[in-house]
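# Residue-level structural notes
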Amino acid sequence: QVQLVESGGGLVQAGDSLRLSCAASGRTFATYVVGWFRQAPGKEREFVAAITRGGGNTFYTDSVKGRFTISRDNAKNTVYLQMNSLKPEDTAVYYCAASSRIVVPTTSIAYNYWGQGTHVTVSS
């Protein structure tokens, strides 16, 4: 069992940066792939980024490549999402999720555990 708690969301202006954190409970956190998803009002939840168990490989959706960076510190049971050059279209509730899959999944159904989400609003 893994419990995830996101933090770091807020209201910012276009071009600003935010760092989201996902703190996990459980001694087996390092055995999970962790992903970030987001859901904008009226839209489906979409994949944003993911990181392998050891942190050696990362994956991003095209719209955030070059602007967002996912990282993890397994000693602290925490995954981060550094978001730079934010745009109004990045406005959404951001969720972190943990998957026991070996191959990094980009679909939400493949993730076993979810946090409650943190709101990010980017004004123009």
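Residues numbered from 1 in each chain as written. Predicted model: local features only at pLDDT ≥ 70, side-chain atom pairs only at ≥ 80, totals over all residues. Heavy atoms only, no water.

## A closer look at the state of the cysteines
Scanning the entire structure with this criterion turns up one disulfide. At a sulfur-sulfur separation of 2.0 Å, the disulfide partner of Cys22 is Cys96. Its torsion about the S-S bond being 60 degrees, the disulfide of Cys22 and Cys96 is classed as right-handed. Of the two residues, Cys22 is situated in strand E3 (residues 18-24) and Cys96 in strand E9 (residues 92-99); the sequence distance between them amounts to 74 residues. We note that Cys22, like Cys96, is buried. (Disulfide = S-S within 2.5 Å. Helix = DSSP H or I, 4+ residues; strand = E, 2+ residues; numbered from the N terminus. Buried < 20%, exposed > 50% of the residue type's maximum accessible area, 1.4 Å probe, protein only.)

## Here's the deal with the nonpolar core
Ranked by size, the top nonpolar core spans 28 residues in total, and within it Trp36, Leu81, Met83 and Tyr94 carry the most contacts. If you list the elements that add at least two residues to this core, you get E3, strand E4 (33-39), strand E5 (46-51), strand E7 (68-73), strand E8 (78-83), E9 and strand E11 (118-123). One finds Phe37, Ala50, Ala97 and Tyr111 within the second-largest nonpolar core, a separate group that totals eight residues. (Core = buried A, V, L, I, M, F, W, Y, C linked by side-chain atoms within 4.5 Å.)

## Quick look at the sheet that holds strand E1 (residues 4-7)
Strand pairing in a sheet relies on backbone hydrogen bonds, with the paired strands running either antiparallel or parallel. Spatially, the four strands line up as an open sheet ordered E1-E3-E8-E7, and their pairing is antiparallel. Every interior strand has two partners, whereas the edge strands, E1 and E7, have only one. In this sheet, adjacent strand axes meet at a mean angle of 15 degrees when their direction is disregarded. Inspection of the sheet shows E3 paired to E8 by six bridges, in the antiparallel sense. For Leu18, the partnering residue across the bridge sits in E8 and is Met83. (Pairing = 2+ DSSP bridges. Axes fitted to C-alpha atoms, helices over the stretch in contact; angles between N-to-C directions.)

## A look at the pattern of salt bridges
Here the structure, examined in full by the defined rule, presents four salt bridges. Lys65 is the salt-bridge partner of Asp62, the closest N and O atoms lying 3.0 Å from each other. A relative accessible area of 60% means that Asp62 is categorised as exposed. In this structure, Arg67 and Asp90 form a salt bridge, with 2.8 Å as the shortest nitrogen-oxygen distance. Here the residue Arg67 occupies a position in the loop between strand E6 (58-60) and E7, and Asp90 occupies one in the loop between E8 and E9, the gap between them amounting to 23 residues. Here the salt bridges do not stand alone but share partners, grouping Arg38, Glu46, Arg67 and Asp90 into one network. (Salt bridge = Lys/Arg side-chain N within 4 Å of Asp/Glu carboxyl O.)

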